[in-house]
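Given next are the chains, with one letter for each unit.
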Amino acid sequence: VAKQHQHDVAHMDLKPQKILIPRNGSRLSTIDFNTSLRVKGIEQRVRGIVGTTGYTAPEVVRDDLYSAIRADLWSCGKTLE
């Protein structure tokens, strides 16, 4: 996810089903970028309800302006919970 964010891509629907764990113990991979966004850094604000209930940041659900990258990070935390 950090690599995606370094390239200004926010996934917008991170959850366990979208993370592949390789058998050989190498790096995790994220899949399904249908709802992803290209952003201009962490400070760019977007609006729109995207994601899966239970893994979506509160500001996304409220349909506020939000940082897509920060919303992804919130989803990462929920995935690890």
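It is worth spelling out the pattern of salt bridges at this point. Applying the stated criterion to the full structure yields five salt bridges. With its nearest N and O atoms 2.9 Å apart, the salt bridge here joins lysine 18 to aspartate 32. Here the residue lysine 18 occupies a position in the loop between β1 (9-10) and β2 (19-20), and aspartate 32 occupies one in the loop between β3 (29-30) and β4 (37-38), the gap between them amounting to 14 residues. Taking the shortest distance from any N to any O, the salt bridge between glutamate 43 and arginine 70 comes out at 3.0 Å. Of this pair, glutamate 43 sits in the loop between β4 and β5 (45-46) while arginine 70 sits in helix α3 (residues 68-80), placing them 27 residues apart in sequence. Overall, the relative accessible area of 35% leaves arginine 70 in the partly exposed class. A single network of salt bridges, built from pairs that share partners, joins Asp13, Lys18 and Asp32.

Next up on the list: the side chain of threonine 30. Note that threonine 30 resides in strand β3. A polar atom in the side chain of threonine 30 sits 2.3 Å from the side chain of glutamine 4. In contact with threonine 30, not counting residues within four places along its chain, are Val1, Gln4, His11, Leu14, Lys18 and Ile19.

What follows concerns α3. Given a rise of 1.5 Å per residue, 13 residues ought to cover 18 Å, and the 19 Å separating the end C-alpha atoms of α3 matches this to within 8%. Residues of α3 that are buried: Ala68, Ile69, Ala71, Asp72, Ser75 and Thr79. Projected onto a plane normal to the axis of α3, the buried residues spread over an arc of 155° and lie on a single side.

In terms of nonpolar packing, the biggest core is built from ten residues, these being Ala10, Met12, Val39, Val46, Ala57, Val60, Tyr66, Ala68, Ile69 and Ala71. Looking at this core element by element, the count peaks at three residues for α3. Aside from chain neighbours lying at most four places away, what touches alanine 68 is Ala10, Met12, Leu37, Val39, Gln44 and Val46.

Here is what the cut-offs are and how they apply
Residues numbered from 1 in each chain as written. Predicted model: local features only at pLDDT ≥ 70, side-chain atom pairs only at ≥ 80, totals over all residues. Heavy atoms only, no water. Salt bridge = Lys/Arg side-chain N within 4 Å of Asp/Glu carboxyl O. Helix = DSSP H or I, 4+ residues; strand = E, 2+ residues; numbered from the N terminus. Buried < 20%, exposed > 50% of the residue type's maximum accessible area, 1.4 Å probe, protein only. Polar contact = N/O pair within 3.5 Å; in protein donor to acceptor, adjacent residues only side chain to side chain. Contact = heavy atoms within 4.5 Å. Expected span 1.5 Å × (residues − 1). Arc of directions from axis to C-beta. Core = buried A, V, L, I, M, F, W, Y, C linked by side-chain atoms within 4.5 Å.

Limitation: the analysis is restricted to geometry and does not speak to function.
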